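# Examining the three-dimensional arrangement
Residues per chain, in single letters:
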Amino acid sequence: MSFLEKILGKKKLDVTKRFELLKAAITGTMSQFYMAKDRETGKIVGLKILDKEKTRQVEERFKGIKGVYKPREGEIAIQFKHPYIVETLEEGFTTDGRQYIIMEYLGGTGLNNILMIKQDMLAGARLTYIRQCATALGVVHKAGFIHRDYCPRNLMFTEDGTKLKLTDFGLSLPNKAPFTNPGNRTGTANYMAPELVRRRATSERVDIFAFGVTMYEMCTRELPWPRGDNGLAAMTHDQPAEPIQSYRATINPTLAKAIHWCIKSEPKERCPSMEEFLKMIKNVESEDVY
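The structure presented is a predicted model; accordingly, all values stated were derived computationally and were not measured. (Residues numbered from 1 in each chain as written. Predicted model: local features only at pLDDT ≥ 70, side-chain atom pairs only at ≥ 80, totals over all residues. Heavy atoms only, no water.)

With 17 residues, helix α6 (residues 126-142) extends 24 Å from end C-alpha to end C-alpha; this agrees with the ideal 24 Å at 1.5 Å per step. In this structure, the buried residues of α6 make contact with β8 (145-146), β9 (155-158), β10 (164-166), α8 (205-220), α10 (253-262) and α11 (274-280). Of the residues flanking the end of α6, it is Gly144, one or two places downstream, whose phi is positive at about 95°. (Helix = DSSP H or I, 4+ residues; strand = E, 2+ residues; numbered from the N terminus. Expected span 1.5 Å × (residues − 1). Contact = heavy atoms within 4.5 Å.)

Below, the structure written as structure tokens:
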């Protein structure tokens, strides 16, 4: 960075000048994602360009609150250098004022896509992935953030399938007031904790709930409650969950108990941390018992 750039701030990204876009954009709820080649380094990366209007709507919820700064998605994501979290290499603004994030390109697919395949692609590897997922989420919580959109879509496999990495901090917030105050209902309906659905105060336990639902689905391809794409379906999440053994009778009982601990409707009864979850399954050696 030149002396002038240091004075005026970070240089803005000219996307077409810096990158060769190798694949058509994948459009998400708040952004577009490209596989791109960095013309400066020749490296293949993931390039995420955030939708300006949708990002503004999320960030404006906290504007005007005295003394409060909401960190941008890129500012949160770039803090994590961990083998089970997608690495953010650079973040900032494009020349047309949109936020961008440059990240490692994994080459794999999302857990949501794997769960749609009839063949069981996860057989024998679930425990490894579950431990990886729990470890990554624990790192996010220890750093003082709530992910707030934990679901299969935001878990990405590496190309060789050895790792399942957490990504997408677009809805993530610091784990402190006013960000945890009642009223901010964001996330994906099928994985929302009851306190989030009903606009109550939140904590990292909303992530633990979503983690539990995701691991339940990873083990069964089913959800603990009726599936739906809106908040009405999520309103059932304070009801007793369908026992996971109903869908997978052979599941290791300790693993089943640990997953159900995460999806308790009452936050105080829910698993308090990913560390405690990992302790509970420490001696589990197989996802199933026969």
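For soluble globular proteins, the rule of thumb is that nonpolar side chains tend to be buried together. One finds Ile130, Tyr150, Phe211, Met215 and Phe277 to be the most contacted residues of the largest nonpolar core, which totals 58 residues. With ten residues, the single largest contributor to this core is α8. Apart from residues no more than four positions distant in its own chain, Ile130 is found in contact with Phe211, Met215, Met218, Cys219, Leu255, Phe277 and Ile281. Leu13, Tyr34, Val45 and Ile49 belong to the second-largest nonpolar core, a separate cluster that totals ten residues. (Core = buried A, V, L, I, M, F, W, Y, C linked by side-chain atoms within 4.5 Å. Buried < 20%, exposed > 50% of the residue type's maximum accessible area, 1.4 Å probe, protein only.)

All right, on to the pairing of strand β4 (residues 44-50) then. Regular strands show a simple pattern: their side chains alternate between the two faces of the sheet. A large share of β4 lies buried, amounting to six of its seven residues. Note: strand β3 (residues 31-38) against β4, seven bridges, orientation antiparallel. Considered in β4, the bridge of Gln32 is made with Ile49. Linkage of β3 to β4, two consecutive antiparallel strands, is achieved through a turn of five residues, within which Gly42 is found at a positive phi near 80°. Pairing of β4 with strand β6 (residues 99-104), which is carried by five bridges, proceeds in the antiparallel orientation. When the sheet's bridge partners are listed, Lys48 is paired in β6 with Ile101. (Pairing = 2+ DSSP bridges.)

Inspection of every chain in the model, using the stated rule, returns four cavities of 30 Å³ or more. The volume enclosed by the largest cavity comes to roughly 80 Å³. Lining of the largest cavity is provided by 13 residues; of these, Arg148, Tyr191, Met192, Leu196 and Ala210 occupy positions nearest its centre. With three residues, the top contributor of residues to the lining of the largest cavity is α8. (1 Å grid on protein atoms, 1.4 Å probe; cavity = no way out; pocket = protein on both sides within 12 Å on 5 of 7 lines; lining within 4 Å. Points joined across faces, edges and corners; volume = space filled by probe spheres on them.)

It is worth spelling out the environment of Ile251 at this point. Of note, Ile251 is situated in the loop between α9 (231-234) and α10. For Ile251, a relative accessible area of 3% puts it in the buried group. Separated by 31 residues in the primary sequence, Ile251 and Thr220 have C-alpha atoms spaced 9.4 Å apart. With sequence-adjacent residues up to four places away left out, Ile251 is seen in contact with Cys219, Ile244, Gln245, Ala256, Glu287, Asp288 and Val289.

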